[in-house]
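These are the residues of each chain, in order.
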Amino acid sequence: MIRGFKEFILRGNVIDLAVAVVIGAAFTAVVNSIVASIINPLIELFWKPDANGKIGFTVEGLWGPVTFPISDLINAIIAFLAVAVVVYFVFVYPMNRIKERAAAKAGVSPADEEPKLPTEQELLVQIRDLLAAQPKA
């Protein structure tokens, strides 16, 4: 049982995932800071914050004005895209390149990794031929 756990932990995928989570969390803090310091002031150029400091569309409700905080949505989208771009270009793309190079050194081509499956029509032709080859009763 311990040997299985050790093999699981020492797999490259688990270690890569742990590194990605730690760096992703740290980078998310940086992105959130950039959004709060740069993006929010840019949004405030177009929308005036309400009394609560929320930026967005204000609609008069039954008990007073209600602000739909569009800036929070814009900030979340920008932060997500920034983190996704960095994770892809820092982790995913280089790892794919490393795997491609390792496969090329080992003499394995991408076509060797995934065998081509027959199409539905090819399978039907094979079934027909097998049925036709059976002796008639």
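What comes next concerns the included structure. (Residues numbered from 1 in each chain as written. Predicted model: local features only at pLDDT ≥ 70, side-chain atom pairs only at ≥ 80, totals over all residues. Heavy atoms only, no water.)

**Looking at the overall build of the chain**
For the record, the criterion: Here a helix means four or more residues in a row that DSSP labels H or I, a strand means two or more in a row labelled E, and each is numbered from the N terminus. Residue burial is assigned from relative accessible area. The probe radius is 1.4 Å, only protein chains are included, and a residue is buried under 20% of its type maximum, exposed over 50%, and partly exposed in between. Every residue pair with non-hydrogen atoms within 4.5 Å of one another is taken to be in contact.
From N to C terminus, the chain includes five helices and two strands. Going from N to C terminus, the chain has its helices and strands arranged as α-α-β-β-α-α-α. In the chain, which comprises 137 residues, the share counted as buried stands at 12%. Considering only residue pairs separated by 6 or more positions, the chain has 39% of its internal contacts joining residues 24 or more positions apart.

**Quick look at the pairing of strand β1 (residues 57-61)**
On any regular strand, side chains alternate: one points to one face of the sheet, the next to the other face. To keep it simple, the criterion reads: Two strands qualify as a pair provided DSSP detects at least 2 bridges between them.
Sheet topology places β1 next to strand β2 (residues 64-68); five bridges connect them, and they run antiparallel. Bridging across to β2, T58 finds its partner in T67. Between β1 and β2, which pair antiparallel and follow one another directly, the connecting turn spans two residues.

**Points about the nonpolar core**
Put simply, the test is: Nonpolar cores are built from buried Ala, Val, Leu, Ile, Met, Phe, Trp, Tyr and Cys residues. Side-chain atoms within 4.5 Å join them into one set.
Counting residues in each nonpolar core, the largest one holds seven residues, listed as V31, V35, I39, I43, I55, A79 and V83. The set of elements that each furnish at least two residues to this core consists of α2 (12-44) and α3 (70-106). Element by element, the count of residues in this core is highest for α2, at four residues. Setting aside residues no more than four positions away along its own chain, A79 makes contact with V31, N32 and V35.

None of the figures reported here should be taken as evidence of function without further support.
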